[in-house]
Amino acid sequence: MTDEQQRLARRYADSALARGACDAVPFGIADICFDPRTLLKCMYGCPDWGKSHTCPSRPGNPSMDELRRMFERYACGIVIHTHDKALSQRISFAVEAEAYQDGLYFAFSLSDCAMCATCAGFEGKPCRFPHNARPAFHSVGIDVYRTVRNLGLPLYPLRDAEREEQNWYSAVFLE
């Protein structure tokens, strides 16, 4: 990552921290670990498969190779860490909007959707918030575990969901 890209990403990381993120870490695109096997975990393990509007199973979704080519066009970005799914999404949307207003018109956030208590897709209805719906990291072929661990952030399978704090991650890709 160039010094300019580092400064840019640091600026938006500071914005995410000010909005309540536990951590916000700049990355260069080379730090993102792509692995199409993430699709297997979606297909065979996620109860949302084929239902959610942000799911990779939706009709017309780009292939993993197409998604990788799209995301590799970005230069840098930030990974946002919280312990609350909805907060992670709100912060990533706010940072994406801020970057867009600053002239980075291709800024794009990835965040596991928390807009609705129940996705309208589960009821066969159109998305209630199509302008805010974004896919999750893993659904676009990114190995979230390897990526965030390489950035020094915690992520591990929960052994006791009642006692362990969950880690939620979103990201904002910047040009």
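All of these numbers come straight from a predicted model, not from anything done at the bench.

Remarks on the overall build of the chain
Each helix and strand in the chain was counted, giving five helices and four strands. Reading the chain from its N terminus to its C terminus gives the helix and strand order α-β-α-α-β-α-β-α-β. Along the first, second and third principal axes, the C-alpha set of the chain runs to 45 × 40 × 30 Å. In the chain, 75% of the contacts between residues at least 6 apart in sequence involve partners at least 24 apart. Carbon and sulfur atoms provide 51% of the accessible area of the chain, an area that totals close to 9,700 Å². Here the chain carries 20 positive and 22 negative side-chain charges, and the mean point of each set is 4 Å from the other.

Some points on the sheet that holds strand S3 (residues 108-111)
Ordered in space as S1-S2-S4-S3, the four strands form an open sheet in which the pairing is antiparallel. The two strands at the open ends of the sheet, each matched to only one other strand, are strand S1 (23-28) and S3. On average, each strand axis in the sheet is inclined to that of its neighbour by 20°, with strand direction left out of account. The strands touched by helix H4 (residues 85-101) within the sheet are strand S2 (76-82), S3 and strand S4 (168-174), with S4 carrying the most contacts at an inclination of about 10°.

Structural notes on the environment of Cys113
Tracing the sequence through the fold places Cys113 in the loop between S3 and helix H5 (144-150). Among the residues examined, Cys113 registers a relative accessible area of 25% and is labelled partly exposed. Measuring from C-alpha to C-alpha, the distance between Cys113 and Pro135 comes to 6.9 Å, with 22 residues separating the pair along the chain. When near neighbours in sequence (up to four residues on either side) are disregarded, Cys113 contacts Thr54, Lys85, Gln89 and Arg134.

As for H4
Its 17 residues place the ends of H4 25 Å apart at the C-alpha level, agreeing with the 24 Å of an ideal helix rising 1.5 Å per residue. All of the buried residues in H4 are Ser88, Gln89, Ile91, Ser92, Phe93, Val95, Glu96 and Ala99. Structurally, H4 contributes buried residues whose contacts are with helix H1 (3-18), S2, S3 and S4. The N-terminus of H4 is capped by Asp84, whose side-chain oxygen sits 3.3 Å from the backbone nitrogen of Ala86. At the exit of H4 stands Gly103, carrying a positive phi of roughly 100°.

The rules we used
- Residues numbered from 1 in each chain as written.
- Predicted model: local features only at pLDDT ≥ 70, side-chain atom pairs only at ≥ 80, totals over all residues.
- Heavy atoms only, no water.
- Helix = DSSP H or I, 4+ residues; strand = E, 2+ residues; numbered from the N terminus.
- Contact = heavy atoms within 4.5 Å.
- Areas by Shrake-Rupley, 256 points an atom, 1.4 Å probe, with all protein chains shown as cover.
- Lys, Arg positive; Asp, Glu negative; His and termini not counted.
- Charge placed at Lys NZ, Arg CZ, Asp CG, Glu CD.
- Pairing = 2+ DSSP bridges.
- Axes fitted to C-alpha atoms, helices over the stretch in contact; angles between N-to-C directions.
- Buried < 20%, exposed > 50% of the residue type's maximum accessible area, 1.4 Å probe, protein only.
- Expected span 1.5 Å × (residues − 1).
- Polar contact = N/O pair within 3.5 Å; in protein donor to acceptor, adjacent residues only side chain to side chain.

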